[in-house]
Amino acid sequence: MFEKIWDSHLVIEKDGNSIVYIDRHLVHEVTSPQAFEGLRLSGRKVMHPELTFAVPDHNIPTIDQNKPINDPISALQVETLRKNCRDFEITLFDLGDDRSGIVHVMGPEQGLTIPGSTIVCGDSHTATHGAFGSLAFGIGTSEVEHVLATQTLQQKKPKTMLIEVNGFLSHDVTPKDIILAIIGKIGTSGGRGYVIEYSGEAIESMSMEGRMTLCNMTIEAGARAGMIAPDEKTFEYLKNRPFAPKGESFRKALISWKQLSSDNDAKFDNTVKLNAVDVLPQVTWGTNPGMVTDINGRVPDPSNIVNSIERSSVEKALKYMGLKPNVPIKEIKIDRVFIGSCTNSRIEDLRSVAEYVKGKRVSKDVLAMIVPGSGIIKRQAEDEGLDKIFISAGFDWRQPGCSMCLAMNDDVLNPGERCASTSNRNFEGRQGKGSRTHLVSPLMAAAAAIAGHFVDPRLN
Amino acid sequence: MESFKILKGKTAPLDMIDVDTDQIIPKQFLKKIERTGFGVHLFHDWRYLDDEGDILNQDFVLNSPRYKGAKILVTGENFGCGSSREHAPWALFDYGFKCIISPSFADIFFNNCRKNGILAVVLKKEEVEYLFDEIESNEGYQLTVDLPKQVVSTPNGKNFSFEVDSFAKNCLLKGLDDIGWTLQYKEKIKDFEKKVVTQKPWLFLEK
Ligand code: SF4
């Protein structure tokens, strides 16, 4: 599948470098200002303004979005994005517009993400869009400028890896648990240089939301992109989306999309197999997403690790995380819960949380917040009455944005605070200086919010 | 962009693995809308004891006077992992690092280095270990990085060769900007669009 998309987007190959055509380009306020600045400085134009879409999401507040932003720098970045979109005639989904939200939630929702296309954005979690059988990857700011000016990118052809997840997920084990288990298995650099294609029964049985969660975190295994062959679920999702093809055009597209999946004899540079039934709910204990175990596990004991580099990195992580060796995961108490981010803020995630917390109360020792991925999701959740369930259980119900996934707005952990988070990165300081992040599924986050510590959501 | 040919300079060690871009330039500094001035914030959370960046952390290796003015950084595996922020190479460049040597780099970071005139050199693990020892025991240690010949030379005459693809080499040597390179092929891009618009019209959108 990767080869098919790559070949059909190759403009030229020269000096060992390839120019690849880009079909959709998404921009946000943090990684784009310098790209537009670069265009102005060199007197260049945007080649195809109609193929680029912008949304502010990274540093916007999640309350009072109708009011001016307090933080002067965030306000300046959002204002700069508005000005750049005006000057260069780019479509902007601005704050207050229901269509706005986290860039990787907005793209699929608007039908901008379609099978067989190439999609880029100045954010590493662009891999999310691979769930639709597109080739989607994160780029740096110079590349944002390059796409704006040329609608292409210079790329080296990556290698391909197949990850086969066979069998079906056990009840209440989620796609997030699968991807954390995969990263735990292959490591945070196991995917380096690869585009990963996921296949197997477990993947086929996943909803589009679940597939997005999976592809989203592919980047945390070090890979360029993750992708899943499009099928009936994909096509069903895309029908009637605002920017997806319609009518006759949709029917024609469908014929082409159905030919995308990898041929039976397709060759991959590497193959990894996993049995879905073996995966239990996952919790990270360290400072990268590969430092993970399951709910019945314990914090590792560095003294059992032979390799000295590995040992010291575990020691360092435990020190930062304020964890003692051998402590059962279930005994780790938390202070905060964050449900949101482009990994897990979609309607299905919110429904699973609502189902679990209905009629329960958030532990008195825990502050918990839920940040929907977009205005559309927020409205849908409210139409379904989920917000009432959340609020009466004691959750804070916010407006859409990246929020505490990277804590560039006011949603920040205090030093030393421990958070069960549905986001994608548990790096030192990611959710605030000295913050301690445990990555989990929405269901686990919900269960931990109620219990005040990690518990097996399947038993409660 | 500045061109890169032969660099001789003071060399600093950062003996850690998996240094991610959040550590290279913490996110609170991403809010600027310019490309320059990130050097003072490089490794902020390690380098300073306070949020404002007024109090230096004397225990952090780059704060040691012996590494002041270093142009080359030697570091552990998987350097530059995590977020794709290009502020990381901007900060390294602005601080003064023109070359980073490691057994391995994260993909996006590696490319971002080249685009910003920084040469990222992959040496063998043993070679990097050797350099750590040498830097540690020799004050004012200087390496010479020769891009045309693709070798890193130590003061005691050891030469470590490295790979670099011809395109990256060419761009770094000439200080060539990527967009300029691509726009040489503008006609080809237009031809490509004409072809696709008939085959797969749904990939294009109305203006
Ligand atoms: S939610 Fe987090 S990972 Fe996703 S786009 Fe926002 S900052 Fe990036």
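What you are looking at is a predicted structure, and each value in this text was computed from that prediction instead of being measured.

### Describing the overall build of chain A
A count of helices and strands for chain A gives 15 helices and 19 strands. On C-alpha atoms alone, chain A measures out to a radius of gyration of 21 Å, which is about the 23 Å that the 2.2 N^0.38 rule sets for 460 residues. With the C-alpha coordinates aligned to their principal axes, the bounding extent of chain A is approximately 55 × 55 × 45 Å. Across the 460 residues that make up chain A, the buried fraction comes to 65%. In the form shown here, chain A has an accessible surface area of approximately 15,800 Å², with 49% of it arising from carbon and sulfur atoms. Looking at charge distribution, chain A has the averaged site of its 52 positive side-chain charges lying 2 Å from that of its 57 negative ones.

### Some words on the site of the ligand
Every residue close to the ligand is listed here: A:His58, A:Ile102, A:His104, A:Asp123, A:His125, A:Ser341, A:Cys342, A:Cys402, A:Cys405, A:Leu406, A:Asn424 and A:Arg430. Grouping the constituent residues of the shell around the ligand by class yields five nonpolar, five polar and two charged.

### Structural notes on unusual backbone geometry
Phi at A:Ala407 is positive, roughly 50°, even though this residue is not glycine. Along the chain, the position of A:Ala407 falls in the loop between strand 17 (396-397) and strand 18 (418-421). For A:Ala407, a relative accessible area of 9% corresponds to the buried category. Backbone geometry at B:Gln150 places phi at a positive 60°, although glycine is not the residue there. Examined against the element boundaries, B:Gln150 turns out to sit in the loop between strand 5 (142-146) and strand 6 (151-153). According to the relative accessible area criterion, B:Gln150 is buried, its value standing at 17%.

### Quick notes on the sheet that holds strand 17 of chain A
Residues and elements named next belong to chain A. Strand order in the open sheet formed by five strands is 17-16-15-18-19, and the pairing between neighbours is parallel. Taken across any chain shown, the strands that pair with only one partner, and hence form the sheet edges, are strand 17 and strand 19 (436-439). As paired elements, strand 15 (residues 336-339) and strand 18 share three bridges and run parallel to each other. From the neighbouring strand, Arg 336 faces strand 18, where its bridge partner is Cys 419.

### A closer look at the interface of chain B and chain A
Tallying the contact residues gives 59 residues for chain B and 79 residues for chain A. A combined buried area of about 5,600 Å² lies between chain B and chain A, and 58% of that area is made up of carbon and sulfur atoms. Summed over the three residues of chain B that lose the most area to chain A, namely B:Lys31, B:Trp202 and B:Leu205, the buried surface amounts to 15% of that side. Inspection of the region where chain B meets chain A yields four salt bridges. For B:Asp22, the salt bridge identified is with A:Arg430, shortest N-O distance 3.8 Å.

### What to know about the pairing of strand 15 of chain A
Burial along strand 15 of chain A is two-sided: the face carrying A:Arg336 and A:Phe338 and the face carrying A:Val337 and A:Ile339 are both buried. On the question of chirality, the crossover connecting strand 15 of chain A to the parallel strand 16 (residues 367-370) of chain A by way of helix 12 (residues 347-357) of chain A is right-handed.

### Notes on the pairing of strand 1 (residues 10-14) of chain A
All names here are of chain A. Of the strand pairs in this sheet, strand 1 and strand 2 (residues 17-21) are connected by four bridges, and their pairing is antiparallel. Bridge pairing links Lys 14 to Asn 17 in strand 2. Taken together, strand 1 and the strand that follows it, strand 2, pair antiparallel across an intervening segment of two residues, in which Asp 15 is found at a positive phi of about 50°.

### Description of the packing of helix 2 (residues 33-42) of chain A against helix 3 (residues 72-88) of chain A
Residues and elements named next belong to chain A. Where helix 2 contacts helix 3, the two axes come as close as 10 Å, and the packing angle between them is 40°. In this view, helix 2 runs oblique relative to helix 3, as classed from their interaxial angle. Of the two elements, helix 2 crosses helix 3, and the hand of that crossing is left-handed. When helix 2 is examined against helix 3, the residues Pro 33, Phe 36, Leu 39 and Arg 40 are found in contact with a partner set consisting of Thr 80, Lys 83, Asn 84, Asp 87 and Phe 88.

### So, a negative patch on the surface
Side chains of B:Asp15, B:Glu126, B:Glu129, B:Asp133 and B:Glu136 sit close together on the surface and give a patch of like negative charge. Along the polypeptide, B:Asp133 turns up in helix 5 (residues 125-137).

### A closer look at the pattern of salt bridges
On inspection of all chains with the given rule, the structure shows 34 salt bridges over all chains. Residues A:Asp64 and A:Lys67 are paired through a salt bridge, measuring 3.6 Å at the closest nitrogen-oxygen approach. Using a relative accessible area of 41% as the deciding quantity, one classes A:Asp64 as partly exposed. Given the relative accessible area of 48%, A:Lys67 is considered partly exposed. For A:Asp396, the salt bridge identified is with A:Arg398, shortest N-O distance 3.1 Å. Look at A:Asp396 and you get partly exposed, because its relative accessible area is 36%. When salt bridges with common partners are traced through the structure, they connect A:Glu143, B:Arg114, B:Lys115 and B:Asp178 into a single cluster.

Rules used throughout
- Residues numbered from 1 in each chain as written.
- Chains lettered and ligands numbered in written order.
- Predicted model: local features only at pLDDT ≥ 70, side-chain atom pairs only at ≥ 80, totals over all residues.
- Heavy atoms only, no water.
- Helix = DSSP H or I, 4+ residues; strand = E, 2+ residues; numbered from the N terminus.
- Rg over C-alpha atoms; globule rule 2.2 N^0.38 Å.
- Buried < 20%, exposed > 50% of the residue type's maximum accessible area, 1.4 Å probe, protein only.
- Areas by Shrake-Rupley, 256 points an atom, 1.4 Å probe, with all protein chains shown as cover.
- Lys, Arg positive; Asp, Glu negative; His and termini not counted.
- Charge placed at Lys NZ, Arg CZ, Asp CG, Glu CD.
- Near = heavy atom within 4 Å.
- Nonpolar A, V, L, I, M, F, W, Y, C, P; charged D, E, K, R; others polar.
- Pairing = 2+ DSSP bridges.
- Contact = heavy atoms within 4.5 Å.
- Buried area = accessible area lost by both parts, 1.4 Å probe.
- Salt bridge = Lys/Arg side-chain N within 4 Å of Asp/Glu carboxyl O.
- Right-handed = clockwise from strand over helix to strand, strands pointing away.
- Axes fitted to C-alpha atoms, helices over the stretch in contact; angles between N-to-C directions.
- Parallel < 35°, antiparallel > 145°, perpendicular 65-115°, else oblique.
- Left-handed = near helix turned anticlockwise from the far one by under 90°.
- Patch = residues over 30% accessible without salt bridge, like charges linked within 9 Å, V, L, I, M, F, W, Y side chains within 5 Å.

These values are about where atoms sit, not about what they do.
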